[in-house]
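Chain by chain, the residues run as shown.
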Number of protein chains: 2
Amino acid sequence: MTVTTETKTDVRTATRVRLFTPGPVEIPARILRALSQIPPHHRTEVFRATFKRVTEAMRELHRTQGEMFLLGASGTGAMEAAVVNLLQAEDQALVIVGGKFGERWMNLLKAFGITHEPLMVEWGHGVDPAEVERRLNANPKITAVFSTHSETSTGSIHDIQSIARLTRPRNVRLVVDAITSLGVHPLPQDEWGVDVIVCGSQKGLMIPPGLASLSLAPWAANAMDHEGLPRFYFDLRRFRKSAPQGETPWTPPVSLILALEEALTMIREEGLENVHLRHRRLALATRAGAQALGYRLFAAQPSHALTALYPPDGVEGAAVVKRLREVHAIVVAGGQDHLKGKILRVGHMGAYDLGDVLTVIGALEECAAALGRPARGGADAAIQAWSAA
Amino acid sequence: MTVTTETKTDVRTATRVRLFTPGPVEIPARILRALSQIPPHHRTEVFRATFKRVTEAMRELHRTQGEMFLLGASGTGAMEAAVVNLLQAEDQALVIVGGKFGERWMNLLKAFGITHEPLMVEWGHGVDPAEVERRLNANPKITAVFSTHSETSTGSIHDIQSIARLTRPRNVRLVVDAITSLGVHPLPQDEWGVDVIVCGSQKGLMIPPGLASLSLAPWAANAMDHEGLPRFYFDLRRFRKSAPQGETPWTPPVSLILALEEALTMIREEGLENVHLRHRRLALATRAGAQALGYRLFAAQPSHALTALYPPDGVEGAAVVKRLREVHAIVVAGGQDHLKGKILRVGHMGAYDLGDVLTVIGALEECAAALGRPARGGADAAIQAWSAA
């Protein structure tokens, strides 16, 4: 290919594609290796033992003495499992909606005919727990609260601990989508009082998509012992029945469970508190580096899983996303709905470190310059924020 | 380890574990390699192009001009998708039940409150199409027939072509579970007139479990255009909307889709007719070899996906299953329900060849001898049957 003087800076210079997406995330080599091993049959002692170990390690990761269900589905499948197993037709729900994934709870409740009231939160903001309290007091018929923890569409976080302080004493079920927060932010299920946590595999758990989890707190064990809504593939009563044998009612995604075991080993080796601290440092470094270059934070209460950014003044968000892909081979996500084309969302959950932050900050600096807003000092600011955190 | 004279024949002599299970099956090395590659993000052009190619290749494999849906789930998830998308509360179904997987259709219909009548078939037998005709004539309110093609619990096969000749002229929907027949037995969807075919990934498609498919024949395109039953994760209307972009409404199991592309390439390289012929020869060779050793066929109308066998007279089925695992490192399945402990089910779908049949026949011969029913000539019979087929 001939490179002319005019276009040489637009030529792709990266030697490999890097994902800085808010999931699926980069898969560590150890996990790719786990995926390529010859998997055992799921009805063998060797797999049953693996399945039990993985289930136990997931309970440990959730800090729960309750039950852990592993489902062959994306995270949305686990969200559906929560709705169809916990609720009955006469239940009423409060739904915290501050982005696309809060909306997903609402759409699920709508699809299954559950009466619900949305608590709309401005995108990028965390919900005000006092408002949750007002809603719960105003409508004592509410039996369940559905919330996102880290809202992937906006890069913001909701204060689940404060919400749980309101739901637990009222015996209202709290169901939390922790799809982009598990392994990123602390979320000790039993200590905080969260009835149900759902998660997916392709985020903080670092493995490919296709495996989802649902954990049920010990005090909520009987929450699904009713006919309730029609359910089959996601009927957790069937999963509960086969769990003691290390089995699932339907063939589990064996290769993903082997990958998950490797991921959980990696998390245990690093230590969960260190993993949470590292994500905090990754987030602070990314924010500081990007802000030093003229990018602005979108979220008022930012998550540590991803950083949502407005581009420098006068630059299109979509242009940055495009240039990151084409020149730097860096894949980030753009905005959704009314934020389409306006923001970029930089994921940093999973096996990322300071070097990765510097990679993306270096590319953001080049993009700012190429798109007419040159700035310097992003990498330095990132390093300082990392060191101070 | 000290090997005493008394136990030396019970020592494991195999150098590796081999799966002869009726799914998940052995995964070819090419597919393991596909699983270990660094996967692209699903919202990139490279993945969208892959997704479209895989969808197209699956349509080709089904011999349909209709729509193909790929779901992040086990095959049971695709069965649920068929029920919740096609049926409405007032529909009535006829269900052909000749084993565990026919029962699964029945349990699904029950879970979703659909009026249905079972057509019970003796395990191991194919349904009599004349009986299907009688039922359809007797109850004109039946709007859908649910059937298994290859019944994995018994190793038998139903004559789908004859059933489709009854359903198509009556505008009754025919929904077929082809989980252990796709890529094994011919099932040309449009030519035969099958409205819906569901499949899973870990059988004839040779990849790990976690990906399921549902194909909708062209004349049935409007079959799911109604509110019908509550659905969300499996709502095919959402999949239909995102399909033209090469996308899915929820994050797809990316790594399994890469693996599926490799599997479909392997099938195309061999040629689908050759793949079907090879499975026929595998089945005939397995039956002949086992019968020469005193094992008896369980199925009256046997499938080419697996061979269900009674052990030689006086031997426990469970003892053969156990010895195959412990001495030969060969994993086969036992019987289910009233057949538990009585039969063994030897899978040979996927990338198996004559050498694999000889491996399992050799082990069956050793088992027969060790369990008190010595016999010879199994391998020879298998080779002759293979050659004659």
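Residues numbered from 1 in each chain as written. Chains lettered and ligands numbered in written order. Predicted model: local features only at pLDDT ≥ 70, side-chain atom pairs only at ≥ 80, totals over all residues.

**A few points about the overall build of chain A**
Basically, it comes down to this: A run of H or I in DSSP becomes a helix once it reaches four residues, and a run of E becomes a strand once it reaches two; helices and strands are each numbered from the N terminus. We compute the radius of gyration over the C-alpha atoms and compare it with the globule rule, which gives 2.2 Å times the number of residues raised to the power 0.38. Here a residue counts as buried when 20 or more other C-beta atoms sit within 10 Å of its C-beta, as exposed when there are 12 or fewer, and as partly exposed otherwise, the C-beta atoms being derived from the backbone. Note on contacts: each residue gets a C-beta atom placed from the backbone, and two residues are in contact if those atoms are within 7 Å.
When helices and strands are tallied, chain A shows 13 helices and 15 strands. Computed over its C-alpha atoms, the radius of gyration of chain A comes to 22 Å, within 12% of the 21 Å expected for a compact globule of 389 residues. Each principal axis of the C-alpha atoms in chain A carries an extent, and together these give about 70 × 55 × 35 Å. For chain A, buried positions account for 56% of its 389 residues. Considering only intrachain contacts with a sequence separation of at least 6, the fraction spanning at least 24 residues in chain A is 72%.

**Details of the sheet that holds strand β14 (residues 333-334) of chain A**
Residues and elements named next belong to chain A. Convention followed: DSSP bridges decide pairing: two strands pair if at least two such bridges lie between them.
Across the sheet, which stays open at both edges, the 4 strands sit in the order β11-β12-β15-β14 with antiparallel pairing between neighbours. Across the chains shown, the open sheet's two edge strands, defined by having one partner strand only, are β11 (296-297) and β14. In this structure, strand β12 (residues 306-310) lies alongside strand β15 (residues 344-347), joined through 4 bridges in antiparallel fashion. By the bridge assignment for β15, Thr-307 is matched with Val-346.

**Things to note about the domain arrangement of chain A**
Residue and element names in this part refer to chain A. Filter applied, for reference: Domains are outlined according to an automatic or database domain assignment. Nonpolar residues are Ala, Val, Leu, Ile, Met, Phe, Trp, Tyr, Cys and Pro. Charged residues are Asp, Glu, Lys and Arg, and all others, Gly as well, are polar.
Entries for chain A in the domain assignment read domain 1 (8-26 + 271-388) and domain 2 (39-269). Taking the mean C-alpha position of each, domain 1 and domain 2 sit 29 Å from one another. Each partner contributes residues to the interface: domain 1 has 25 residues there, and domain 2 has 25 residues. Where the side of domain 1 that touches domain 2 is concerned, the elements lending two or more residues are α10 (272-292) and β12. Here the element with the most residues in the side of domain 1 that touches domain 2 is α10; it accounts for 4 residues. Taken together, the residues that form the side of domain 1 that touches domain 2 break down as 14 nonpolar, 9 polar and 2 charged.

**A look at the interface of chain B and chain A**
In this complex, chain B contributes 39 residues to the contact, which on the side of chain A involves 39 residues. Within the residue set of the side of chain B that touches chain A, elements represented by two or more residues are α1 (29-35), α3 (75-86), α4 (100-111) and α9 (254-270) of chain B. Split by residue class, the side of chain B that touches chain A holds 22 nonpolar, 14 polar and 3 charged.

**A closer look at the sheet that holds strand β2 (residues 67-71) of chain B**
Residue and element names in this part refer to chain B. The following threshold applies: Here the axes come from fitting lines to C-alpha atoms, over the contacting stretch only for helices, and the angles between their N-to-C directions go from 0 to 180 degrees.
Read from one edge of the open sheet, 7 strands run β2-β10-β9-β8-β5-β3-β4, paired in mixed fashion. Each edge of the open sheet carries a strand with a single partner, namely β2 and β4 (115-120). Here the strands of the sheet are splayed against their neighbours by 20° on average, with no regard to which way each runs. Note: strand β5 (residues 142-148) against strand β8 (residues 173-177), 5 bridges, orientation parallel. Residue pairing for β8: Ala-144 is matched across the bridge by Arg-173. Seen against the sheet, helix α2 (residues 45-62) touches β2, β9 (196-200) and β10 (212-216) and runs at an angle of roughly 120° to β2.

**Some thoughts on the relation of the copies chain B and chain A**
Just so we agree on the cut-off: The superposition of copies rests on a least-squares fit of C-alpha positions from residues with pLDDT of 70 or more in both.
When chain B is fitted onto chain A, the two copies agree to an RMSD of 0.0 Å after a turn of 180° and an axial shift of 0.0 Å. A rotation of that kind, with that shift, is consistent with a two-fold axis. With an isologous cut-off of 70% or more, the 100% of interface residues of chain B that recur at the interface of chain A puts this contact in the isologous class.

**Topic: helix α12 (residues 354-370) of chain B**
Residue and element names in this part refer to chain B. Condition: Each helix should span, by expectation, one fewer than its residue count multiplied by 1.5 Å.
Along its 17 residues, α12 runs 24 Å from first to last C-alpha, staying within 8% of the 24 Å computed at 1.5 Å per residue. Of the residues making up α12, those classed as buried are Val-357, Val-360, Ile-361, Ala-363, Leu-364, Glu-365, Cys-367 and Ala-368. Buried-residue contacts for α12 involve α10 (272-292), α11 (317-328), β13 (330-331), β15 (344-347) and α13 (378-388). A positive backbone phi angle near 100° is found at Gly-372, which sits one or two residues after α12.

**A few points about the nonpolar core**
One broad rule of soluble globular proteins: the nonpolar side chains tend to lie buried together. Defined as follows: By convention the nonpolar core is taken to be a set of buried residues drawn from Ala, Val, Leu, Ile, Met, Phe, Trp, Tyr and Cys and joined through C-beta atoms within 7 Å.
Core analysis: the largest hydrophobic core is formed by 249 residues, its most contacted members being Val-198 of chain A together with Val-198 of chain B. Ignoring anything within four residues of it in the chain, the contact list for Val-198 of chain A reads Gly-75, Ala-78, Met-79, Ala-82, Asp-177, Ala-178, Ile-179, Ala-212, Ser-213 and Leu-214 of chain A.

**Some thoughts on the packing of α10 of chain A against helix α13 (residues 378-388) of chain A**
Residues and elements named next belong to chain A. Filter applied, for reference: When an angle is under 35 degrees it counts as roughly parallel; over 145 it counts as roughly antiparallel; between 65 and 115 it counts as roughly perpendicular; any other value is oblique. Left-handed describes a crossing in which the near helix is turned anticlockwise from the far one by less than a right angle; the clockwise case is right-handed.
The geometry of α10 relative to α13 is characterised by a closest axis approach of 7 Å and an angle of 150° between their N-to-C directions. The angle between α10 and α13 falls in the class roughly antiparallel. Helix-helix and strand crossings are classified by hand; for α10 and α13 the assignment is right-handed. Across from Arg-281, Leu-284, Ala-285, Thr-286, Ala-288, Gly-289, Ala-290 and Ala-292 in α10, the residues of α13 making contact are Gly-378, Ala-379, Ala-381, Ala-382, Gln-384, Ala-385 and Trp-386. Considered class by class, the residues forming the contact of α10 with α13 number 10 nonpolar, 4 polar and 1 charged.

**Some words on unusual backbone geometry**
The general pattern is negative phi for most residues beyond glycine and trans for most peptide bonds. The omega torsion across Gly-23 of chain A and Pro-24 of chain A is -10°, close enough to zero to call that bond cis. When you line up the elements, Pro-24 of chain A lands in the loop between β1 (18-19) and α1 (29-35). The backbone of Arg-63 of chain A shows a phi angle near 55°, a positive value even though the residue is not glycine. In this fold, Arg-63 of chain A is placed in the loop between α2 (45-62) and β2 (67-71). By C-beta crowding, Arg-63 of chain A is classed as partly exposed, having 17 other C-beta atoms within 10 Å. Phi is positive for Asp-337 of chain B, close to 55°, though the residue is something other than glycine.

**Let's talk about the environment of Asn-137 of chain B**
Residues and elements named next belong to chain B. Within the element layout of this structure, Asn-137 appears in helix α5 (residues 129-138). Given 11 C-beta atoms within a 10 Å radius, Asn-137 is considered exposed. Considering only alpha carbons, one finds Asn-137 and Arg-170, 33 residues apart in sequence, at a separation of 9.7 Å.

**Brief notes about the pairing of strand β4 (residues 115-120) of chain A**
Residue and element names in this part refer to chain A. Note the cut-off: Looking down the strands as they point away from you, a crossover is right-handed if its path from the first strand over the helix to the second goes clockwise.
By the bridge criterion, 6 bridges tie strand β3 (residues 92-97) to β4 in an arrangement that is parallel. Bridge assignment links Val-95 to a residue of β4, and that residue is Pro-118. Following the backbone out of β3, through helix α4 (residues 100-111) and into the adjacent parallel β4, one traces a crossover that is right-handed.

**Here's the deal with the pairing of strand β3 (residues 92-97) of chain B**
Residue and element names in this part refer to chain B. Taking burial as the measure, the 6 residues of β3 include 5 buried ones, the bulk of the element. In the sheet, β3 pairs with β5 via 4 bridges, with the strands oriented parallel. Following the sheet pairing, Val-95 is matched in β5 by Phe-146.

**What to know about the confidence of the model for chain A**
Residues and elements named next belong to chain A. For the record, the criterion: The pLDDT value expresses, per residue, how confident the predictor is, ranging between 0 and 100.
Confidence along chain A averages 96 in pLDDT terms, with 98% of residues attaining 70 or more. Counted against residues more than four places away or in other chains, residues 1-6, with its pLDDT under 50, gives 2 contacts. As a predicted assembly, this complex carries a pTM of 0.95 together with an ipTM value of 0.94.

**Concerning the environment of Ala-382 of chain B**
All names here are of chain B. Relative to the elements of secondary structure, Ala-382 occurs in helix α13. Judged by C-beta crowding, with 28 C-beta atoms within 10 Å, Ala-382 ranks as buried. Separated by 137 residues in the primary sequence, Ala-382 and Gln-245 place their C-alpha atoms 49 Å from one another. Not counting chain neighbours up to four residues away, the residues in contact with Ala-382 comprise Ala-285, Thr-286, Ala-288, Gly-289, Val-357, Leu-358 and Ile-361.

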